[in-house]
Amino acid sequence: QVQLVESGGGLVQAGGSLRLSCVYSVSTFGINRIGWYRQAPGKQRELVARINSSGDTNYADSVKGRFIISRDNAKNMLYLQMNSLKPEDTAVYYCNALLTEVRTGITRIYWGQGTQVTVSA
């Protein structure tokens, strides 16, 4: 079974920082890529940052230079360090993974339950 569990959200003032964490349980799957998406009220879910199996990263233009994605393979942890937060960063942040089941070769997208980030002006 696949589990993605986020934590670390909260309320922060503009200019502040937060670090989100995602612990993932994917023992019988290969990870093609893993990352963070967010969804603000009334808006579509959008990519924030992701990292692929080679360790390459890509970021949304809106967070480049402020957010850093990282992964600890030994601990099965994914992180998102968010600095210089802005009110427009307010959203529910989701851990997302594109996984291939080793036994069947089936590739699917998996989501965590989300964690709320609120940035006050």
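The sections below set out a description of the structure shown in this document. (Residues numbered from 1 in each chain as written. Predicted model: local features only at pLDDT ≥ 70, side-chain atom pairs only at ≥ 80, totals over all residues. Heavy atoms only, no water.)

**Observations regarding the pattern of salt bridges**
Where charged atoms from two side chains of opposite charge come close, those side chains can pair. Taken as a whole and judged by the stated rule, the model has 5 salt bridges. Arg38 is the salt-bridge partner of Glu46, the closest N and O atoms lying 2.7 Å from each other. Overall, the relative accessible area of 35% leaves Glu46 in the partly exposed class. Ionic contacts of the salt-bridge type, sharing partners, join the residues Arg38, Glu46, Arg66 and Asp89 into one network. (Salt bridge = Lys/Arg side-chain N within 4 Å of Asp/Glu carboxyl O. Buried < 20%, exposed > 50% of the residue type's maximum accessible area, 1.4 Å probe, protein only.)

**Section: the state of the cysteines**
Going through the model one piece at a time under the given rule, you end up with 1 disulfide. Two residues share a disulfide in this structure: Cys22 and Cys95, whose sulfurs sit 2.2 Å from each other. Its torsion about the S-S bond being -80°, the disulfide of Cys22 and Cys95 is classed as left-handed. Here Cys22, found in strand E3 (residues 18–25), pairs with Cys95, found in strand E9 (residues 91–101); they are 73 residues apart in sequence, far enough to count as distant. Classification of Cys22 as buried rests on a relative accessible area of 0%. The exposure class of Cys95 is buried, given its relative accessible area of 0%. (Disulfide = S-S within 2.5 Å. Helix = DSSP H or I, 4+ residues; strand = E, 2+ residues; numbered from the N terminus.)

Scope: geometric values only; no functional claims are made or implied.
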